[in-house]
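Okay, here's what each chain looks like letter by letter:
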Amino acid sequence: MMSIIRDPALAPAGWVKIRWAEANMPVLARVAAELGHERPLAGVRVAACLHLEAKTARLALALQQGGAELALCASNPLSTQDDVTAALADAGITVYARRGESPQEYERFLHLCLEHRPHLIIDDGADLLTLLHREYASRVSEVLGACEETTTGVTRLRAMAREGRLGLPVIAVNDALTKHLFDNRYGTGQSVWDAVMRTTNLSVAGKCAVVAGYGWCGRGVASRARGLGARVIVCEVDPVRAGEALMEGYEVAPMADAARAGDFFITTTGCRDVVRGEHFQMMKDGAVLANAGHFDVEINLEDLARLGVDRRPARPGVEEFILGDGRKLRLLGEGRLVNLAAGDGHPVEIMDMSFALQALSACHLLAAGKASPLPSGVHSVPQAIDRRVASLFLASRGVAIDILTADQRAYLVGEDTGEEDTG
Ligand code: ADE
């Protein structure tokens, strides 16, 4: 079917970006070579709702190499890179996405992806799977299974499973160790500050960074803020996580207190209204607001618009809201996840692992489907896949690790010896 993209003429610029990603994604390259050889996805229709930038394109091309017929749409209206989608369309992949698409277009493109009657779904945030269950219920059984990329999506799908509303097996790629320990922590840690620094050109050193949420993303954002020389305040609702942040050496405070101190506010909670009117009222002139959560609900944009007597673009990706007393609050990337709306997403080598997991998990779903189909529900990535990705990652860095001797294996008998991680 015909792609709907911004401009096919942008393809050459998109190919340059994709080639760079490809050159720095050795784990996925290895998986792609196997897919190309074995063609396990021949004739398999795959619909994917992902952030359409160069690393994602590399995943799509790997799946295509394995024989998949792909339809892609965006998992955020502001994360699409139009040159990359042009290159993907040039490669014969059907793409429905334009950077800055309206909410109506966003929804329409999800529908168009499902019109491809996919056998497999790859989702980032669970919008495609939610729509499938809501409006295409009779087609749920046509889908062999799905893979979900992100914490928010896995949380939504687990809720559906609990309520008996999930009608297919989903692999929670997010929950693999080589996903959340790397992507959510180091990926978000780097890409958020990259986006904040490139959009604002401001110094982080010597400033106060308020990090809301101390999950894997928050841990990464706080750690990299400290590395950049910021004083870090963590806001949390979970006492265990708050305690962990404290023991890690961060200040811990409610947002009502942190609001006065922060120069940068980064939300990573997955919850709504984390920074809202009462907090904006207290913030310093020039405070920078950025969201790193999947949905643009963490910074209350209605409150911000209501309190602002004026608003104006201050730099590309930065909008200034002028409050009644003249203070300016600076919102990055329209409150959408800042690392993709105002940056290029996670570092290439991080997405190398995440997307190798996606490709291997999709193949696992298919293979399981042929032998004994996985039941409906949320499933873990098999440990063997997790360890294989970690091993390939280490190999790509030229790092060797110890191997247990026979005596050590015997000593550890009954424990997890990591045997299956070779190869
Ligand atoms: N690039 C592609 N998908 C991404 C994601 N989920 N997070 C960060 N960068 C990405």
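For the structure itself, consult the block above.
Structure report, in brief. (Residues numbered from 1 in each chain as written. Predicted model: local features only at pLDDT ≥ 70, side-chain atom pairs only at ≥ 80, totals over all residues. Heavy atoms only, no water.)

Some words on the environment of Cys147
Here's step 1: The residue Cys147 is located in strand S5 (residues 145-148) in this model.
Here's step 2: The exposure class assigned to Cys147 is buried, which follows from its relative accessible area of 1%.
Here's step 3: Distance from Cys147 to Gln383, taken between C-alpha atoms, is 15 Å for residues 236 residues apart in sequence.
Here's step 4: Among all residues touching Cys147, those that are not within four sequence positions of it are Ile121, Ile122, Asp123, Val170, Ile171, Val173, Gln358, Ser361, Ala362 and Leu365. (Helix = DSSP H or I, 4+ residues; strand = E, 2+ residues; numbered from the N terminus. Buried < 20%, exposed > 50% of the residue type's maximum accessible area, 1.4 Å probe, protein only. Contact = heavy atoms within 4.5 Å.)

Quick word on the pattern of salt bridges
Here's step 1: A complete count under the given rule lists 32 salt bridges for this structure.
Here's step 2: Between Arg158 and Asp175 there is a salt bridge whose closest N-O contact spans 3.1 Å. Of this pair, Arg158 sits in helix H7 (residues 151-162) while Asp175 is found in the loop between strand S6 (169-172) and helix H8 (177-200), placing the two residues 17 residues apart along the sequence.
Here's step 3: The salt bridge involving Glu278 is made with Arg276; its shortest N-O contact spans 2.9 Å.
Here's step 4: Classification of Glu278 by relative accessible area gives partly exposed; the value is 45%.
Here's step 5: A relative accessible area of 30% means that Arg276 is categorised as partly exposed.
Here's step 6: The network of salt bridges with shared partners includes Arg19, Glu22 and Arg58. (Salt bridge = Lys/Arg side-chain N within 4 Å of Asp/Glu carboxyl O.)

Some points on the nonpolar core
Burial of nonpolar side chains together is a common tendency in soluble globular proteins.
Here's step 1: In this structure, Leu72 and Leu88 are the most contacted members of the largest nonpolar core, which totals 58 residues.
Here's step 2: The residues touching Leu88, leaving out its near neighbours within four places in the chain, are Ala57, Ala60, Leu61, Leu72, Ile93 and Val95. (Core = buried A, V, L, I, M, F, W, Y, C linked by side-chain atoms within 4.5 Å.)

Some points on the pairing of S6
Here's step 1: By the alternation rule, side chains of S6 split into Pro169 and Ile171 and Val170 and Ala172, which are all buried.
Here's step 2: Alignment of S5 against S6, held across three bridges, turns out to be parallel. Residue pairing across strands places Ala146 opposite Val170, the latter belonging to S6.
Here's step 3: A crossover connection joins S5 to the parallel S6 through H7; in handedness this β-α-β unit is right-handed.
Here's step 4: Pairing geometry for S6 and strand S15 (residues 377-379), over three bridges, is parallel. By the bridge assignment for S15, Ile171 is matched with His379. (Pairing = 2+ DSSP bridges. Right-handed = clockwise from strand over helix to strand, strands pointing away.)

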